[in-house]
Amino acid sequence: MAVESMSIATLLFDVRWLSRCLTGLIAMCVTLSTLTLVPAQDTSADAAVDANAEADPEAEVTPDEPPPFDFAPYKTLIWVASDSPRVSADTLRDELQKVLDRDFHAVWRTTIADAPTSVASMAMRVLSEVDFDTLAATDPVIAVKRTHNDAVRIRFAGDVGRYASSILATPGRMQEVRSRLIGDAGTPKNAWLQILHPVEGDAVSLKNAWAKEDTEAILVSRGMAETLTEPEAKIIVPPITGQVIDAAEAYDKIFIVRVRTATTPMSVESVEFDTLMRYFGDTSKASVSSFNLLPEVVGATLRDVFAPVARIDDAGKNNAVGLVRASGLVTDENSPALVNVGDVLVPMVRKDDRNGNPISIGPLDWAYLLAKELDGRRVKMDFHAGRAGGLQGRKNARTHRMGLRIRPRNDQTLLRLHAKGDPNQPLIGYEIYEKELEGKSMTFIGRTDWNGRLDVEPAKDQPLRLLYVKNGGAVLARLPMVPGHQSKAVADLAGDDMRLQAESYIRGVQNSIIDLLAIRELFKARIMMRLERGDLESAEELLEVLRNQPTNERLANDMGKRQADFIKAIGKNANQQRKVDEMFSVTREMLTKHINPKLVRDLEEAVIRTKENGGKLPPKEDDTEGA
């Protein structure tokens, strides 16, 4: 009884103690919440931190934790390029933003700006041929020699001003970077401006100055900086506006809009650039007759080229599961930011080094993802590829696997086949078959022409077509294709012509073996018949003719030389080499079995026995014993 009383007392004490702790904790939380409502006074320590931050704006800042992928809106940048001052980012921004908000209010965080001069000039020429390397090559950068004593310490443009004494540049480039400068020229991050020195001549003269020993750094375009050798250049990005590489790091999608007002009607063309994969999609074109309708038409082209992104979280040999970005923010099931069943996506992989620079990047060759089922914000897809294992691999922070939805815009795609490594050698007369996605039956599509080409049109009920390339009955390649996605698709294949030539040669050799076998048997019968009649002289003449027929050694030597020639011509294609080796191996076995010296030796022994028997062939011992 005493034990029970003690246990109850202990329990009551624990409950009271816990209640007091909870009360104190609640009071502390209330106090803290009250304090946060009062504006904090700037202490001397805080002021020092702010001063240091202002003094060193290039100091690394710890980024905020990003939201979940399916709740992360796209950070988009729209660059406007026009041939008229009436059309600019300022004149389009308000109305265009209203148009875009109809579809992308929740999923886009949009910035609209005029395209940098270099981007605009390229876009006004051929927008469909613009790529990331071409755009980034025009960015002004500071190239510092890696042999510089303080090259390891130089990370930002401000470091160049501290550790170098001179940066050579052309006068035009100096004027350009000063006009695009970010911040005050007197701040530490812009100290590099104080050591700029002009060089007479153009960029070629500047490149020639790089070879001089007293040159520490030069201000050139990124494209030229990447070509500098002896010594190699360390590329530093200066803080100026309009840098393509900075925009690619700050945004998820960059849209370039080109407006031509000189034509009647005016033309609008837009293209999307996915910054993570550095991938330019297809362009969308439209015409507009009035400036008032321009925001509406531009918005329609942007909606058309926008490609939702699905992050590949799980990939197998023939399937994959992806999470659609910003899908948790979408409330309309018809939103262009969603991926629906039947949509086709281009699989892409990016692998970075330790510094975050891509080692390999871009879409997988001849590979597509077909959306088959929606599971909440995830999409289950079938993976069709010409090569296996494209999406499989270990998950790590430096590997990104994505899928971008595509929309075919062309009526057909021109397929061209050429020999591996030689675009000037078309694969002529190769057969193209289509295999059912869910079945095994194959349908003949056509045959390549004199230049290895064949037009492939979209199917009525399925955007994705699974094509196979055959030649001489052998399957050479598997080519998944979405006709209309590209105007032209080129397949670099190992041609099968050498294997077919080897097969033709082997068939000829096999036919020769059969003919030679029949001839040898015919000679044997004639020689034996003459020996039985006692016509020894005629039998010996026929035997000599038989000796002059092709022998096993002669045919085998010829086959060995031709096999080596075929293997050399085929090159490193292990599959075709194996097939050729198998054909020659079977033929050698056939040759050894049917064409051998035993027949001639038996006939020679028969002639000897005939001579020893007085000119007449004696009966065989087996026949004598039987009689």
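What you see is a predicted model, and the numbers here were worked out from it, not measured in a lab. (Residues numbered from 1 in each chain as written. Predicted model: local features only at pLDDT ≥ 70, side-chain atom pairs only at ≥ 80, totals over all residues. Heavy atoms only, no water.)

Trainee: Run through the overall build of the protein chain, naming residues and quoting values.
Mentor: If you tally the helices and strands in the protein chain, you get 17 helices and 25 strands. Here the protein chain holds 627 residues, and 41% of them are scored as buried. (Helix = DSSP H or I, 4+ residues; strand = E, 2+ residues; numbered from the N terminus. Buried < 20%, exposed > 50% of the residue type's maximum accessible area, 1.4 Å probe, protein only.)

Trainee: Tell me what's going on with the sheet that holds strand β5 (residues 196-198), and back it up with residues and numbers.
Mentor: The 5 strands are arranged β5-β4-β6-β3-β7 in an open sheet whose pairing can be described as mixed. Two strands close off the open sheet at either side, each with one partner strand: β5 and β7 (233-236). Direction aside, neighbouring strands of the sheet carry axes that sit 35 degrees apart on average. Both strand β4 (residues 167-169) and strand β6 (residues 217-221) contribute to a ladder of 2 bridges, which runs parallel. Its bridge partner lying in β6, L168 is registered against I218. Where helix α7 (residues 171-179) meets the sheet, its contacts fall on β3 (140-145), β4, β5 and β6, and the angle it forms with β5 comes to roughly 145 degrees. (Pairing = 2+ DSSP bridges. Axes fitted to C-alpha atoms, helices over the stretch in contact; angles between N-to-C directions. Contact = heavy atoms within 4.5 Å.)

Trainee: Kindly report on the sheet that holds strand β2 (residues 108-114), identifying the contributing residues and their values.
Mentor: One open sheet holds the 5 strands; their spatial order is β2-β1-β8-β9-β10, and the pairing between them is mixed. Among the strands making up the open sheet, the edge pair consists of β2 and β10 (279-288). Ignoring which end each strand starts from, the neighbouring axes of this sheet average 20 degrees apart. Note that strand β1 (residues 74-82) and β2 share 7 bridges and pair parallel. Residue pairing across strands places K75 opposite R109, the latter belonging to β2. Against the sheet, helix α3 (residues 89-104) makes contact with β1 and β2, and its axis sits at roughly 160 degrees relative to β2, the strand it touches most. Sheet strands touched by helix α4 (residues 117-125): β1 and β8 (253-260). Its angle to β8, the strand with the most contacts, is close to 60 degrees.

Trainee: I'd like a description of helix α11 (residues 294-305), backed by residues and values.
Mentor: Taking 1.5 Å of rise per residue, the 12 residues of α11 would be expected to cover 16 Å, and the 17 Å separating its terminal C-alpha atoms lies within 8% of that figure. Along α11, the positions that sit buried rather than exposed are L294, P295, V297, V298, G299, T301, L302 and V305. Considering only its buried residues, α11 is in contact with β1, α3, β8, β9 (266-274) and β10. (Expected span 1.5 Å × (residues − 1).)

Trainee: Go over the environment of V490 with me, naming the residues and quoting the values.
Mentor: Relative to the elements of secondary structure, V490 occurs in strand β25 (residues 488-493). Of the residues examined, V490 reaches a relative accessible area of 42% and is grouped as partly exposed. With 72 residues separating them in the primary sequence, V490 and H418 have C-alpha atoms 7.7 Å apart. Beyond its immediate sequence surroundings of up to four residues, V490 is in contact with W366, R416 and H418.

Trainee: Break down helix α15 (residues 574-594) for me, with residues and values.
Mentor: Across its 21 residues, α15 extends 30 Å between first and last C-alpha, which sits within 8% of the 30 Å expected from 1.5 Å per residue. Taken residue by residue, α15 has Q576, V580, M583, F584, T587 and L591 as its buried positions. Looking straight down α15, one finds its buried side chains confined to an arc of 90 degrees; they lie on one side. Set apart from the buried face of α15 by more than 90 degrees, the exposed residues are A574, V586, E589, T592 and K593. Looking at the buried side of α15, the elements it contacts are α12 (497-533) and α14 (552-570). (Arc of directions from axis to C-beta.)

Trainee: Mind laying out the layout of surface pockets, listing which residues take part and the relevant values?
Mentor: Each pocket or cavity is described by its volume, and for the second largest pocket that value is around 970 Å³. Elements supplying a minimum of two residues to the lining of the second largest pocket: α5 (132-136), β10, β14 (358-363), β15 (367-375), β24 (474-481) and β25. Per-element tally for the lining of the second largest pocket: the top contributor is β10, with 6 residues. Residues that form the lining of the second largest pocket fall into these classes: 18 nonpolar, 8 polar and 8 charged. (1 Å grid on protein atoms, 1.4 Å probe; cavity = no way out; pocket = protein on both sides within 12 Å on 5 of 7 lines; lining within 4 Å. Points joined across faces, edges and corners; volume = space filled by probe spheres on them. Nonpolar A, V, L, I, M, F, W, Y, C, P; charged D, E, K, R; others polar.)

Trainee: Which residues make up the side chain of E269, and what values do they have?
Mentor: On the secondary structure map, E269 appears in strand β9. Owing to a relative accessible area of 5%, E269 belongs among the buried residues under this scheme. Of the polar contacts made by the side chain of E269, one reaches the side chain of R258; its length is 2.4 Å. Among the polar contacts made by the side chain of E269, one reaches the side chain of T283 at a distance of 3.2 Å. Excluding residues within four positions of it along the chain, E269 makes contact with L127, S128, I256, V257, R258, T283, S284 and K285. (Polar contact = N/O pair within 3.5 Å; in protein donor to acceptor, adjacent residues only side chain to side chain.)

Trainee: Could you give an account of the packing of aromatic side chains, with specific residues and numbers?
Mentor: Scanning the entire structure with this criterion turns up 11 aromatic pairs. Each ring, one from Y505 and one from F566, has its centre 6.1 Å from the other, and the planes form 50 degrees; the classification is tilted. On the criterion of sequence distance, the pair formed by Y505 in helix α12 and F566 in helix α14 is long-range, its members being 61 residues apart. Judged by relative accessible area, which is 5%, F566 ranks as buried. Taken together, Y74, F104, W108, F255 and F306 form an aromatic cluster joined through their ring pairs. In this structure, K470 packs its charged tip against the face of Y433, placed 4.7 Å from the ring centre. (Phe/Tyr/Trp six-rings, centres within 6.5 Å; stacked < 30°, edge-to-face > 60°. Lys NZ or Arg CZ within 6 Å of the ring centre and 35° of its normal.)

Trainee: Quick one: what's the story with the nonpolar core, residue by residue and with numbers?
Mentor: Residues I78, W108, V268, L294 and L302 are the most contacted members of the largest nonpolar core, which totals 44 residues. The residues contacting I78, other than those within four sequence positions of it, are L96, L100, T110, T111, I112, A113, F255, V257 and L302. (Core = buried A, V, L, I, M, F, W, Y, C linked by side-chain atoms within 4.5 Å.)

Trainee: Lay out the packing of α12 against α15 in plain terms, naming residues and giving numbers.
Mentor: Packing of α12 against α15 leaves a shortest axis separation of 10 Å and a crossing angle of 5 degrees. By the angle between their axes, α12 is roughly parallel relative to α15. On the side of α12, the interface is formed by R499, A502, E503, Y505, I506, V509, Q510, I513, I514, L517 and R520, while α15 contributes Q576, K579, V580, M583, F584, T587, M590, L591 and H594. Considering only residue class, the contact of α12 with α15 consists of 12 nonpolar, 4 polar and 4 charged. (Parallel < 35°, antiparallel > 145°, perpendicular 65-115°, else oblique.)

Trainee: So what about the pattern of salt bridges? Which residues, and what values?
Mentor: The final tally for this structure, using the stated rule, is 30 salt bridges. A salt bridge links R578 to E582; its shortest N-O distance comes to 3.3 Å. Highlighted residues: R578 and E582, both in helix α15, separated by 4 residues, approximately one helical turn. The exposure class assigned to R578 is partly exposed, which follows from its relative accessible area of 42%. (Salt bridge = Lys/Arg side-chain N within 4 Å of Asp/Glu carboxyl O.)

Trainee: Before we move on, can you summarise the packing of α12 against helix α13 (residues 536-547) with the specific residues and values?
Mentor: Close contact between α12 and α13 brings their axes to 8 Å; oriented N to C, the two are set at 165 degrees. As summarised for this structure, α12 and α13 are arranged roughly antiparallel, according to the angle between their axes. Crossing angle aside, the handedness with which α12 passes α13 is left-handed. Across the interface between the two elements, R520, F523, R526, I527, R530 and L531 of α12 pack against L536, S538, A539, L542, L543, V545 and L546 of α13. Residues of the contact of α12 with α13, tallied by class, amount to 9 nonpolar, 1 polar and 3 charged. (Left-handed = near helix turned anticlockwise from the far one by under 90°.)

Trainee: Could you give me a rundown of empty space enclosed by the protein, with the residues and numbers involved?
Mentor: Under the definition given, this model contains 1 cavity of 30 Å³ or more. The calculated volume of the largest cavity comes to roughly 160 Å³. What lines the largest cavity is a set of 15 residues, and nearest its centre among them are G281, D282, A307, R405 and I406. Put simply, the parts of the chain that give the lining of the largest cavity at least two residues each are β10, α11 and β17 (399-405). It is β10 that contributes the most residues to the lining of the largest cavity, 4 residues altogether.

Any functional reading would require information that these geometric values do not contain.
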